[in-house]
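What the coordinates show
Read off the chains here:
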Amino acid sequence: MDITKMTFGKTSEYLTIGEVSKLFHIHQDTLRNWEKSGELVPLRVGPRKDRKYRKQDIETIIAKMGSKLTLAQLEQFLWKSADILRGKIDSSDYKKYIFGLLFYKRISDVWDEEYKKVIDEYKDKTLAEAEYNHRFQVPKDCKWEVITQTSENIGQKLNDIFDKITNVNSPKLDKIFNDLDFANKDRFPNETIQRLVNHFSQYNFGSNYISSDLLGDAYEYLIKQFAADAGKKGGEFYTPREVERIIIGIVKPHQKDHVYDPTVGSGGFLLEAYNYLKNRSNEQVARTLYFYGQEINISTFAIAKINMFLHGLDSSDIRRGDTLANPQFLNNMGNLQTFDIVVANPPYSIKDWEFELFKSDKYGRTQEYELPPQKNADYAFVLHILKSLNVNGRAGIVLPHGVLFRGGSEGRIREQIIKNDLLEAVIGLPPKLFYGTGIPAAILIFNRNKAENKKGKVLLIDAERDFLEGKNQNTLRKQDIDKIIKTYDQYQDVEKYARVVDVKEIEENEYNLNVRRYIDSNEEQVQIDVKQVWKELQNLEKDREEINKKVADFINELGY
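Quick look at the confidence of the model for the chain
Predicted confidence across the chain gives a mean pLDDT of 90, with 94% of residues reaching 70 or more. Low pLDDT (under 50) marks residues 1-6, which in the prediction has ten contacts with non-local residues, meaning those over four places away or in another chain.

Okay, here's the thing in structure tokens:
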């Protein structure tokens, strides 16, 4: 960077704080904060102690702005942004505001990088501003530097900027910022927003400084932290990555597969599919995957969209809406679009769902099956997912244990699914893996084209005992994940852990899939020979009497 050569020697050997702020597009308060922490020590000149920045001060700023953050530093920096909002708004709402600002800062900094690259190469301003040279459009009056220079009504200014950025990037960024309202001064006083802006101004979030992988990983860390902070509400948008890893490791995405999550949450399943293929092949192969997701919650929808963008997966198709009442992915005939892989962690046992719409379903989801109960949507999601599989499709769903054994219409749906030979495996998971609920869950694996050796059979795995116990939440270790996937791949009996069960046996058990009914995982009771134990006790008693006698003799000899 040749800023020092370009700047000094023209008018003065010193720069004012205003000039430095303009030069680096950072807020003056950020410079003052660096000074307070001792990271920057400009001269203080004259009776007013005006700040004067020398060449070495500018070099310090260049090094700081251009420094490459480690993942740990970036995670810590981003998490500190939540501290600014503590006490101002509900903790469950932190995420949408911080994620919105982070994404805005990222696309603004990237636009500046893209502009500079073209200017340096072609010296053509018109060409540098051309839409085709930018991943996202950021108008001049929407740049990050504009908000750093705004001192009054910052919240309203942010709202206006978000509206304009959304419009010029439509439909790509539609609804991304819809759930953000920084203009409410009771929740966001000017001073609070100023602190947030100053905080994010400390670093350049352009691609030259922070890669998509690094920023994406830090974003995932934030999602997990916010899920833990939000307690019960955290489970609405976050599935433990270990559980997603099991399912993706079982369904095994292939090159060019179409992967769909009808309750996409923060997008973790889709990213896990991408990482799976990237780790086993390479990034180029992983980017051949097609990603689709639908989410009913506007805030969570935005999190998923931003998550895909920050990981560089711009082509992911994430849509908003109620999957059961208004599925968004349809083919040219108006029927449900089908996919190679469907993965999901639907909301558990929701009572308030669009039963009447599903009852008169025009998408054929209840064809061959009974209607799910009006007060429980678990099997409505199952039927939607089965209908969304293509002829070779495979699916992995996380559901509460009740779907394995509840009777009534759910029992009859379960029976029909098994008779149709669509169920390939059931995996019982440990309790307390998910935020907001301590109940154990199960993974159901479906396959529309089962291998010959799996037809007429269901693999049941009892993984409830293998986990790392935590104070508030249990976790699955790598060894636990690998054990489940290996057992599925081998599709064989494992003593006290897994059984390949014939459908006839399941039929004899009235289609009850409770894992413990088929796998006795209890430790064997040790057989005790009472006579032998009694004899040993008598011998011990005899030995004790002899020892006591010897001790008494020693004491007598000593004169006590």
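A look at the side chain of arginine 414
If you trace the backbone, arginine 414 turns up in helix H18 (residues 408-419). Buried charge without a salt bridge: arginine 414, with glutamate 410 as the nearest opposite-charge side chain at an N-O distance of 6.4 Å. From its side chain, arginine 414 meets the backbone oxygen of leucine 404 in a polar contact 3.3 Å long. Discounting chain neighbours no more than four positions away, the residues touching arginine 414 are Tyr379, Val403, Leu404, Phe405, Arg406, Tyr511 and Leu513.

Let's talk about helix H19 (residues 478-490)
With 13 residues, H19 ought to run about 18 Å at 1.5 Å a step, and its terminal C-alpha atoms sit 18 Å apart, in line with that. The set of residues buried in H19 consists of Asp480, Ile481, Ile484, Ile485, Thr487 and Tyr488. Taken around the axis of H19, the buried residues stretch over an arc of 160°, which confines them to a single face. Residues of H19 that are exposed and angled more than 90 degrees away from the buried face: Lys478 and Lys486. Contact partners of the buried residues in H19: helix H12 (241-251), strand E8 (423-428), strand E9 (441-447), strand E10 (457-462) and strand E11 (498-502). Looking at the residues trailing H19, positive phi occurs at tyrosine 491, about 50°.

Brief notes about the packing of aromatic side chains
Scanning the entire structure with this criterion turns up 28 aromatic pairs. Ring plane angle 75° and centroid distance 6.1 Å describe the contact between tyrosine 348 and phenylalanine 434, whose orientation is recorded as edge-to-face. Taken together, the residues span a long stretch of sequence, with tyrosine 348 in the loop between strand E6 (339-344) and helix H16 (355-359) and phenylalanine 434 in the loop between E8 and E9 at a distance of 86 residues. Given the relative accessible area of 21%, tyrosine 348 is considered partly exposed. For the ring pair tyrosine 488 and tyrosine 491, a centre distance of 6.3 Å and an interplane angle of 85° mean the geometry is edge-to-face. Given the relative accessible area of 7%, tyrosine 488 is considered buried. A connected cluster of aromatic rings, assembled from ring pairs, spans Tyr97, Phe103, Tyr104, Phe136, Trp144, Phe162, Phe177, Phe182, Phe188 and Phe309. Here the guanidinium or amino end of lysine 172 rests over the ring plane of phenylalanine 136, the centre of that ring lying 4.5 Å away.

Topic: the packing of helix H9 (residues 154-168) against helix H10 (residues 190-200)
Direction vectors running N to C along H9 and H10 enclose 55°, while the axes themselves pass 8 Å from each other. Of the possible angle classes, the one that applies to H9 and H10 is oblique. Note on element contacts: H10 touches H9 through Asn190, Ile193 and Gln194, opposite Ile154, Gly155 and Leu158.

Focus: the side chain of histidine 384
Among the secondary structure elements, histidine 384 is positioned in helix H17 (residues 378-387). The exposure class of histidine 384 is buried, given its relative accessible area of 1%. If sequence neighbours within four positions are ignored, histidine 384 has contacts with Tyr260, Pro262, Thr323, Leu324, Pro327, Leu336 and Arg365.

What counts as what
Residues numbered from 1 in each chain as written. Predicted model: local features only at pLDDT ≥ 70, side-chain atom pairs only at ≥ 80, totals over all residues. Heavy atoms only, no water. pLDDT = per-residue confidence, 0-100. Contact = heavy atoms within 4.5 Å. Helix = DSSP H or I, 4+ residues; strand = E, 2+ residues; numbered from the N terminus. Buried < 20%, exposed > 50% of the residue type's maximum accessible area, 1.4 Å probe, protein only. Lys, Arg positive; Asp, Glu negative; His and termini not counted. Salt bridge = Lys/Arg side-chain N within 4 Å of Asp/Glu carboxyl O. Polar contact = N/O pair within 3.5 Å; in protein donor to acceptor, adjacent residues only side chain to side chain. Expected span 1.5 Å × (residues − 1). Arc of directions from axis to C-beta. Phe/Tyr/Trp six-rings, centres within 6.5 Å; stacked < 30°, edge-to-face > 60°. Lys NZ or Arg CZ within 6 Å of the ring centre and 35° of its normal. Axes fitted to C-alpha atoms, helices over the stretch in contact; angles between N-to-C directions. Parallel < 35°, antiparallel > 145°, perpendicular 65-115°, else oblique.

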